[in-house]
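Now for the letters of each chain:
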Amino acid sequence: MRIRATVAAVSGALALSALALPAAHAAGQERVPAGNPASKAAHAAHHQGRATFAVAASGTPYQLNATFSAVKVNNGKNISVGTTNVVKVPVSFTLTHGTEVPVHAKDFVAAVELYRGTSFDDSIYYVDSAAATCTDTSTTVAACTSTVAIDPAGLLSEDAGAWKAAAYAVAFNGQNPDQPADMTKVGVAVKDPTNSFDLQRWATLNTDAAPEPVKKGKTVTVTGKLARADWEDGKYHGYANQPVKLQFRKKGSSTYSTLKTVSTNSTGNLKTTTTATVDGYFRYAFAGTTTTPATTATGDYVDVQ
């Protein structure tokens, strides 16, 4: 069994809850994280099957008088996740609301959900932010910030690729967040989608140029390897059949130029040759894909004699 974690956002607390799922999943099969009452209520307003409360609550949430704008996820950048570290993704938004909306109540939650899938109502997997901290800029507008914690232990490698974000606000109005008795007293507002981005498997790339030193006009062999994170076994594996540029920078220069493009083999390894002309640095550079971020190796210096 694998343990999947999701962030629970209630009254500003950041808590982790786990949902045990089988190690094997059919591609595209929905995985519903557990333990986030606000997210459950938001989904209940749009899709009763996604509510997942232990006991079915009566009624449907009412439309909360609140809207979202200027939603930002990771400052507009893609999100890359390795094999061990939890990645903390900053999110922010502007919440515009009616004066009757209890934005500072202990049981009011505004948050951002990152998801893989078609929509907020139809996602395969999702991760929620902590309850946002909102600061009033007027009686009806608040600037809100939060963080989404993405743990690679909760991901499958197939999760890499296109993701979206949605913003939601939930006013429980005295109802028990864990098990509201009357959903008609719970207010919900959702904006979907707010953003799109790629969730990527962190990559590594190295370069080794030999021999060192080498005589001018002789052959330099440049090897390397492109690997990326596997979120299921927690290791890095070679990224096969990917175009990678071999670049060179003369000693004393700050600019690299591309010599040729080389493809990784079935295990992610790289190997090519070039002619030694002047002292300088060789490196490999990978442009990235939707599932894997761009990465550039550290230059390896060769002394030409």
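Parameters and conventions
- Residues numbered from 1 in each chain as written.
- Predicted model: local features only at pLDDT ≥ 70, side-chain atom pairs only at ≥ 80, totals over all residues.
- Heavy atoms only, no water.
- Buried < 20%, exposed > 50% of the residue type's maximum accessible area, 1.4 Å probe, protein only.
- Helix = DSSP H or I, 4+ residues; strand = E, 2+ residues; numbered from the N terminus.
- Pairing = 2+ DSSP bridges.
- Salt bridge = Lys/Arg side-chain N within 4 Å of Asp/Glu carboxyl O.
- Contact = heavy atoms within 4.5 Å.
- Disulfide = S-S within 2.5 Å.
- Phe/Tyr/Trp six-rings, centres within 6.5 Å; stacked < 30°, edge-to-face > 60°.
- Lys NZ or Arg CZ within 6 Å of the ring centre and 35° of its normal.

Visitor: Would you mind going over helix α1 (residues 37–46) with me for this structure?
Guide: An α-helical turn contains 3.6 residues, so any two residues separated by three or four positions project in the same direction. Extensive coverage of α1 is indicated by the burial of eight of its ten residues. For α1, the set of buried residues is P37, A38, S39, K40, A41, A42, H43 and A44.

Visitor: Is there a simple way to explain the pairing of strand β15 (residues 235–238) in this structure?
Guide: Regular strands have side chains that alternate between both faces of the sheet. As judged from the four bridges shared by strand β14 (residues 219–230) and β15, these two strands associate in the antiparallel manner. Note on β15: the bridge partner recorded for R228 is H237. Between β14 and the antiparallel strand that follows it, β15, lie four residues; G234 among them carries a positive phi value of about 70 degrees.

Visitor: Looking at this model, I keep getting lost on the pattern of salt bridges. Mind explaining?
Guide: A side chain with one charge can pair with a side chain of the opposite charge if their charged atoms come near. Inspection of the entire model under this criterion finds two salt bridges. The partner of R116 in a salt bridge is D159, and the shortest N-O contact between them spans 2.9 Å. Residue R116 is found in strand β7 (residues 108–117), and its partner D159 is found in the loop between β10 (141–150) and β11 (161–171); the two are separated by 43 residues along the sequence. What makes R116 buried here is its relative accessible area of 14%.

Visitor: Just to check I follow, could you spell out the side chain of D198 for this structure?
Guide: Tracing the chain through its elements places D198 in strand β12 (residues 187–201). Those residues in contact with D198 that lie beyond four places of it in its chain are N78, I79, G161, A162 and T290.

Visitor: Would you take a moment to explain the state of the cysteines for this structure?
Guide: Here, disulfide denotes a covalent bond that connects the sulfur atoms of two cysteines. Taken as a whole and judged by the stated rule, the model has one disulfide. The partner cysteine of C134 in its disulfide is C144, sulfur to sulfur 2.1 Å. The chirality of the disulfide connecting C134 with C144 is right-handed, given an S-S dihedral of about 110 degrees. Placement of the pair is C134 in strand β9 (residues 133–136) and C144 in strand β10, with a sequence separation of ten residues. With respect to class, C134 is no different from C144; both count as buried.

Visitor: Explain the packing of aromatic side chains to me, please; I cannot follow it from the model alone.
Guide: Two aromatic rings are characterised by how far apart their centres lie and by the angle between their planes. Here the structure, examined in full by the defined rule, presents six aromatic pairs. Judged by centre distance (6.5 Å) and plane angle (35 degrees), the rings of W163 and F197 are tilted. Remark: F197 occurs in strand β12 and W163 occurs in strand β11; sequence separation between them is 34 residues. In terms of burial, W163 and F197 fall into one category: buried. Measuring from centroid to centroid gives 4.7 Å for F248 and F282, while their planes differ by 50 degrees, and the two rings are tilted. Taken together, the positions of F248 in strand β16 (residues 243–250) and F282 in strand β19 (residues 280–286) put the pair 34 residues apart, joining distant regions of the chain. With relative accessibility at 10%, the residue F248 sits in the buried group. By relative accessible area, F282 is classed as buried at 4%. In this arrangement the basic side chain of R283 is found over the ring face of Y256, its NZ or CZ atom lying 3.6 Å from the centre.

Visitor: Help me understand unusual backbone geometry, please; the structure alone is not making it clear to me.
Guide: Glycine aside, residues mostly have negative phi, and peptide bonds are mostly found in the trans state. That bond from A210 to P211 is cis: its omega, 0 degrees, falls within 30 degrees of zero. Along the chain, the position of P211 falls in the loop between β13 (203–210) and β14. Its identity as a non-glycine residue notwithstanding, A70 has a phi of 50 degrees, on the positive side. On the secondary structure map, A70 appears in strand β4 (residues 66–73). A residue is classified by how much of its surface remains accessible, and A70, at 53% relative accessible area, is exposed. In this structure, N75 takes a positive phi of about 55 degrees despite not being glycine. Mapped onto the elements of the fold, N75 is located in the loop between β4 and β5 (79–81).

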